[in-house]
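# Observations on chain architecture
Now for the letters of each chain:
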Amino acid sequence: MAQVKIDPSWKAVLKEEFDKEYFEKLIGFVKREFAAKKVYPEGKNIFRAFELCPFDSVEVVILGQDPYHGPRQANGLCFSVNDGIPLPPSLQNIYKEIEDDLGVQMPKTGNLDNWSRQGVFLLNATLTVQANKAGSHQHQGWEEFTDAVVKIISEKKEHVVFLLWGKYAQEKGKVIDRSKHFVLSAPHPSPFSTYSGFFGCKHFSKTNEYLKSVGKKPIDWANL
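An account of the accompanying structure is given in this report.

### Focus on the nonpolar core
Phe50, Ile62, Trp115, Phe121 and Phe145 are the most contacted members of the largest nonpolar core, which totals 69 residues. Sequence-distant contacts of Phe50, defined by excluding residues within four places in its chain, comprise Ile6, Asp7, Trp10, Leu14, Phe121, Leu123, Leu127, Phe145 and Val149.

What follows is the structure, given as structure tokens:
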């Protein structure tokens, strides 16, 4: 895994995971998929969440499920799209909640790089997907890997905010030690569930209030 573009702090805490048999099989599967099909995100961006937000810098974790499977959308960060790409519906709803919660106007870009650079770890449960086939790389080992990532953050850090949107993320978050972390749950921001509790959840102001309460810097959610 030496060729993978990933921050050294993550390489250190994930070394044992990278050496496991399931992970070797997973990488073999991903390489075969890239050789035969169109896969998103680009190979250099598969671990981009880990590159932009070092382990030592993680303050907030947002869990997604799959990368976007349309052209030029996926960039390695959950919910994020490249500059110039129309905002997907879930991200539109995230922005709407931030505007209502914090009274700020969100920019038109869906590129969330700067959240990552502020310590927001934007992790999808599955890090690759075949073009135009949602969920096509599930059950190949990615979920086991990202479960381990969540567990390692929970075990080795403290006072991290976890934002769990939807049943899938909430199930994945069961390993989090709630005695030393701040966990917020809400329905998924997709158009199907926003009005059942995502809108009005105020997760962004609650996150910043908690970070300040433990002596940490709040996230500038509008600074993209």
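### Let's talk about the packing of aromatic side chains
In the structure shown here, the tally under the stated rule is 21 aromatic pairs. For the ring pair Tyr22 and Phe23, a centre distance of 6.3 Å and an interplane angle of 90° mean the geometry is edge-to-face. Relative to Phe121, the ring of Phe50 lies with its centre 5.1 Å away and its plane at 80°, an arrangement referred to as edge-to-face. Taken together, the residues Phe50 in helix α3 (residues 48-52) and Phe121 in strand β3 (residues 120-124) connect sequence positions 71 residues apart. Each of the two residues, Phe50 as well as Phe121, counts as buried. Taken together, the ring pairs in this structure connect Trp10, Phe18, Tyr22, Phe23, Phe47, Phe50, Phe55, Phe121, Trp142 and Phe145 into an aromatic cluster. One residue, Lys96, lies across the ring of Phe199, its end atom 4.8 Å from the ring centre. Here Lys157 stacks its cationic end above the ring of Phe55, 5.1 Å away from the centre of that ring.

### A word on the pattern of salt bridges
Under the defined criterion, the tally for this structure stands at 10 salt bridges. Salt-bridge contacts for Glu17 lead to Lys20; the nearest nitrogen and oxygen are separated by 3.2 Å. Given a relative accessible area of 37%, Lys20 falls into the partly exposed group. Lys216 is paired through a salt bridge with Glu59; the nearest N and O atoms lie 2.6 Å apart. Taken together, the residues Lys216 in the segment after α8 (203-213) and Glu59 in the loop between α3 and β2 (60-64) connect sequence positions 157 residues apart. Note on Lys216: relative accessible area 21%, which makes it partly exposed.

### Some thoughts on the pairing of strand β6 (residues 182-186)
For strand β5 (residues 161-165) and β6, the ladder comprises 5 bridges, and the chain directions are parallel. Directly across from Phe162, in β6, lies its bridge partner Val183.

### Quick word on the sheet that holds β5
The strand order across the open sheet formed by 4 strands is β3-β2-β5-β6, and the pairing between neighbours is parallel. Unpaired on one side and paired on the other, β3 and β6 mark the two borders of the sheet. Strand after strand, the sheet turns through a mean of 20° between neighbouring axes, direction not considered. Of the pairings in the sheet, the one linking β2 to β5 comprises 3 bridges and is parallel in character. Looking across to β5, one finds that Val61 is bridged to Phe162. Against the sheet, helix α6 (residues 142-156) engages β2, β3 and β5, with an angle of about 155° to β3.

Rules used in this analysis
- Residues numbered from 1 in each chain as written.
- Predicted model: local features only at pLDDT ≥ 70, side-chain atom pairs only at ≥ 80, totals over all residues.
- Heavy atoms only, no water.
- Core = buried A, V, L, I, M, F, W, Y, C linked by side-chain atoms within 4.5 Å.
- Buried < 20%, exposed > 50% of the residue type's maximum accessible area, 1.4 Å probe, protein only.
- Contact = heavy atoms within 4.5 Å.
- Phe/Tyr/Trp six-rings, centres within 6.5 Å; stacked < 30°, edge-to-face > 60°.
- Helix = DSSP H or I, 4+ residues; strand = E, 2+ residues; numbered from the N terminus.
- Lys NZ or Arg CZ within 6 Å of the ring centre and 35° of its normal.
- Salt bridge = Lys/Arg side-chain N within 4 Å of Asp/Glu carboxyl O.
- Pairing = 2+ DSSP bridges.
- Axes fitted to C-alpha atoms, helices over the stretch in contact; angles between N-to-C directions.

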